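Coordinate inspection notes
Take a look at the letters that make up each chain.
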Amino acid sequence: MLRIENISKTFNAGTINEKQALKNVNLYINDGDYITVIGGNGAGKSTLLNIISGVHTIDEGELILDGIKLTKMPEFKRAQYFGRVFQDPLMGTASSMEIEENLALAYRRGKFRGLSWAITQSERRLYQTQLSRLDLGLENRMTTKVGLLSGGQRQALTLLMATLVKPKMLLLDEHTAALDPKTAKKVQDLTQELTQENNITTLMITHNMKDAIKYGNRLIMMHDGKIIYEASGEEKKSLRVEDLLKKFEQNAGSELVNDRMLLA
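Sequence order sets the numbering: in each chain, residues are counted from 1 along the sequence as written. Since the coordinates come from a predicted model, pLDDT governs what is reported: local features require at least 70, and pairs of side-chain atoms require 80 or more to be given and counted, while whole-chain, interface and lining totals use all residues. Side-chain measures here rest on the full set of heavy atoms in the structure, leaving out hydrogens and waters.

1. Some points on the sheet that holds strand β8 (residues 202–205)
Strand pairing in a sheet takes place through backbone hydrogen bonds and is either antiparallel or parallel in direction. The pairing criterion is simple: DSSP has to find at least two bridges between the two strands. Secondary structure elements are defined from DSSP: runs of H or I of at least 4 residues count as helices, runs of E of at least 2 residues count as strands, and each element is numbered from the N terminus. An order of β6-β7-β8-β3-β9-β10 is seen for the six strands of this open sheet, with the pairing classed as mixed. Where the open sheet ends on each side, the last strands, each with one partner, are β6 (82–85) and β10 (226–232). Direction aside, the axes of adjacent strands within the sheet are offset by 20° on average. Two strands pair when backbone bridges link them, and strand β3 (residues 34–38) and β8 are joined in this way by four bridges, in the parallel orientation. For T36, the partnering residue across the bridge sits in β8 and is M204. Working rule for contacts: check all heavy atoms of both residues, and any pair within 4.5 Å makes them a contact. Note on definitions: angles span 0 to 180 degrees between N-to-C directions of axes, and those axes are lines fitted to C-alpha atoms, for helices only across the stretch in contact. In the packing of helix α5 (residues 151–164) onto the sheet, the strands contacted are β6 and β7 (169–173), and the crossing angle to β6 comes to about 175°. Relative to strand β9 (residues 218–223), helix α9 (residues 241–252) is tilted by about 45°, and along the sheet it contacts β3, β9 and β10.

Structure follows, in structure tokens:
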């Protein structure tokens with residue numbers, strides 16, 4: 001599905017603030033994979049996601065998605081292939097628009113829209129059916145402005161929008177980090193349900209080591225711009241948080257000092 005070959009990225013090259021964010025990263029993502037990515041601050045996790053989506057260009061390497069060369073493709077053209085949910089619940093939706101209008105934007109992404117923006121009755125029924133799956137009562141509030149929703153409601157809506165039309169790949173950038181534990185679990189479980197049901201290839205960044213172990217079929221650990229450990233299958237299923245901390249120490253050559261990860 002996605003081939004990441006020898007990707008490198010340096011920010012502020014040639015200055016005192018130079019930072020090599022990714023160092024010859026290689027990663028092969030299979031169709032239907034659900035990969036969780038963990039690592040401390042500055043490990044390169046978000047940079048990897050931003051390079052895949054086209055937010056950042058790469059210094060060297062190749063990106064090939066399902067046979068399509070992405071390496072030099074601008075972000076706005078890549079948007080047709082990816083669904084993305086950000087850490088900030090405010091980023092994935094338009095606050096001043098109604099719930100059904102946000103869903104219509106997502107549903108028509110990449111399609112010819114013509115001169116009419118009217119939402120058809122068949123579309124409205126589809127949106128109600130999908131919203132009812134969230135179990136948040138939003139199917140009865142379709143004309144409510146999104147800006148009036150809570151953070152958890154907006155994040156669940158953003159996830160639904162990102163998967164309403166099956167993307168080639170779903171990118172999740174710590175999409176539950178800003179939510180309370182109960183809402184975060186609800187959104188994670190919904191993510192699992194939607195991705196499995198539609199066989200959506202997914203890459204999820206998380207600081208929560210328990211979530212990294214629980215969800216998905218592959219786990220990747222990053223440190224200092226490199227992938228230092230990967231687990232899948234039975235090895236991943238049998239992992240504990242203590243095992244991940246030990247793996248980090250063995251492969252990074254230092255202890256993991258990151259309160260956010262440890263407390264998560």
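Once you've had a look at it, read on.
2. Points about the nonpolar core
Among the nonpolar cores identified, the biggest contains 31 residues, and I99, L103, L131, L157 and L159 are the most heavily contacted of them. Residue assignment for this core shows that the elements contributing at least two residues are α3 (99–107), α4 (121–132), α5, β7 and α6 (181–198). The element that contributes the greatest number of residues to this core is α5, accounting for seven residues. Apart from residues no more than four positions distant in its own chain, I99 is found in contact with L131, L138, R141, M142, T144, V146, L149 and L157. L27, L65, M73 and L203 belong to the second largest nonpolar core, which has 27 residues in total. Side-chain atoms within 4.5 Å link the members of a nonpolar core, which is a set of buried Ala, Val, Leu, Ile, Met, Phe, Trp, Tyr and Cys residues. Throughout this description, buried means an accessible area under 20% of the type-specific maximum (1.4 Å probe, protein chains only), exposed means over 50%, and partly exposed covers the range between.

3. Focus on the packing of aromatic side chains
Centre distance within 6.5 Å is the pairing criterion for rings of Phe, Tyr and Trp, where only the six-membered ring of Trp is used; planes under 30 degrees apart are then read as stacked, over 60 as edge-to-face, and the remainder as tilted. All chains considered together, the criterion is met by one aromatic pair. Considering the side-chain rings of Y107 and Y127, the 6.0 Å spacing of their centres and the 80° angle between planes classify their relative orientation as edge-to-face. In this pair, Y107 sits in helix α3 while Y127 sits in helix α4, placing the two residues 20 residues apart along the sequence. A residue is classified by how much of its surface remains accessible, and Y127, at 1% relative accessible area, is buried.

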